[in-house]
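Summary of structural features
Chain residues, written in single-letter form:
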Amino acid sequence: MDRTARHSETRYGNRPTMKDVAARAGVGLKTVSRVVNSEPGVTPDTERRVQEAIDALGFRRNDSARVLRKGRTASIGLVLEDLADPFYGPLSRAVEEVARAHGALLINGSSAEDPEREQELVLALCARRVDGLIVIPAGDDHRYLEPEIKAGIATVFVDRPAGHVDVDMVLSDSFGGAREGVAHLIAHGHRRIGFIGDQPRIHTATERLRGYHAAMRDAGITVEDGWVSLGSTEPERVRAAAEEMLSGPEPVTALFAGNNRVTVTAVRVIAERERPVALVGFDDIELADLLGITVISQDAAAVGRTAAEHLFRRLDGAEHAPARVELPTTLIPRGSGELPPA
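The following refers to the structure shown. For every chain, the first residue of its written sequence is number 1, and the numbers climb from 1 along that sequence. Since the coordinates come from a predicted model, pLDDT governs what is reported: local features require at least 70, and pairs of side-chain atoms require 80 or more to be given and counted, while whole-chain, interface and lining totals use all residues. The basis for every side-chain value is the complete set of non-hydrogen atoms in the structure, without hydrogens or water.

**Examining the pattern of salt bridges**
- Each salt bridge in this description consists of a side-chain nitrogen of Lys or Arg and a carboxyl oxygen of Asp or Glu lying within 4 Å of one another. Considering all chains together, one arrives at 18 salt bridges under this definition.
- R48 is the salt-bridge partner of D45, the closest N and O atoms lying 2.5 Å from each other. Residue D45 and its partner R48 are both found in helix α4 (residues 44–57); the two are separated by three residues, about one turn of the helix.
- Among the residues examined, D45 registers a relative accessible area of 39% and is labelled partly exposed.
- Exposure classes here rest on a 1.4 Å probe applied to the protein chains alone. A residue is buried below 20% of its type maximum, exposed above 50%, and partly exposed in between. Residue R48 is classed as partly exposed on the basis of its relative accessible area, which comes to 40%.
- Salt-bridge contacts for R160 lead to D159; the nearest nitrogen and oxygen are separated by 3.6 Å. The same class applies to R160 as to D159, namely buried.
- Three or more residues joined by partner-sharing salt bridges are found here, namely E81, D85, E113, D159, R160, D198 and R261. Helix and strand assignments follow DSSP, with helices taken as H or I runs no shorter than four residues and strands as E runs no shorter than two, numbered in order from the N terminus.

**Section: the sheet that holds strand β3 (residues 132–135)**
- Should DSSP find at least two bridges between two strands, the strands are taken to pair. Spatially, the six strands line up as an open sheet ordered β2-β1-β3-β4-β5-β11, and their pairing is parallel. The sheet is open, and its two edges are formed by β2 (105–110) and β11 (324–327), each paired on a single side. Averaged over neighbouring strand pairs, the angle between their axes works out to 15° when direction is ignored.
- Pairing geometry for strand β1 (residues 75–80) and β2, over six bridges, is parallel. Each bridged residue has a counterpart across the sheet, and for L80 the counterpart in β2 is S110.
- Residue contacts are counted whenever heavy atoms from the two residues lie within 4.5 Å of one another. In this analysis, axes come from line fits to C-alpha atoms, helices being fitted only over the stretch in contact, and the angle between any two N-to-C directions falls in the range 0 to 180 degrees. Lying on the sheet, helix α6 (residues 88–101) is in contact with β1, β2, β3 and β4 (154–158); it crosses β1 at an angle near 170°.

**Considerations on the packing of helix α11 (residues 235–245) against helix α12 (residues 260–271)**
- Put simply, α11 and α12 touch, their axes get as near as 9 Å, and they point 50° apart. In terms of axis orientation, α11 runs oblique to α12. Note on packing geometry: the crossing formed by α11 with α12 is right-handed. Taken together, the residues of α12 that come into contact with α11 (itself represented by P235, V238, R239, A242 and E243) are V262, T265, R268 and V269.
- As a working rule, the residues Ala, Val, Leu, Ile, Met, Phe, Trp, Tyr, Cys and Pro are called nonpolar, Asp, Glu, Lys and Arg charged, and the rest polar, with Gly in that last group. Residues that form the contact of α11 with α12 fall into these classes: five nonpolar, one polar and three charged. To sort the angles, those under 35 degrees are grouped as roughly parallel, those over 145 as roughly antiparallel, those from 65 to 115 as roughly perpendicular, and the leftovers as oblique. Working rule for handedness: look at the near helix, and if it is turned counterclockwise from the far one by less than a right angle, call the crossing left-handed; if clockwise, right-handed.

This is the structure:
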């Protein structure tokens, strides 16, 4: 049979069934079921014929009915903000490793920082009967999840708190990390320090801004209006904010970048200027060690692993009150945050 003829016989979506295997092997459905599920009562010769039929047809056991009889689908959902954000790579990998250790499949998707898309994705995962959810929220009202939680779907929120529902949460210390980073710049002589962050509706952005203000207040420094800019992390917006802070008769001498995307643009802006500017970024970025960028580092893998472990403890029957876990950040000095004021 030539390739064209073989291709014409393919019917995508029509997978071989146990009935097909039984017909090819010349046995009953119950015999096929016993072989597929490694049950006793089948002679070696019959088992061989059934296995040959399985291999020839490319049959794969449909686990859906089996796991549903146990009340589980052996799958969990992970809703991220942005799959392209390097912070979520190690986080997702850590969740996947914990899920794998528990014999579960991970299904993930991105909300693109859109609350409506977040809700749509979460409910789609629930409709597919995942056993649990790990959510990095885009919105601030999660009451739509109440029926699902009551129905038994274990839920853990990560990076940002849930809104109006009581669930487990795993966060990084955004306030403490930003406070430490800004205090580090102050300790190196800076008093005019700019803060560029994400949109103010995002919990981590407001917590990091709060940390900035706390460090400045601790040092007795009054923050001027032009030193703070919150908004989109698109390069054009961040560049405009940085250039404005670094211009004029009394420019800032240091910048604190509220996340990794802001840091990347800030590095580019600073590289174009003759006058040295100190920089500390929240979140590590690729090649930061080679570029000498001082950062406040979050352990994304630890965040993901901790969240997944909490989720599976819930699935195993843990009934304690919703927990809030806050993981510490780490200041990594590499040179940019140790520059003195020009």
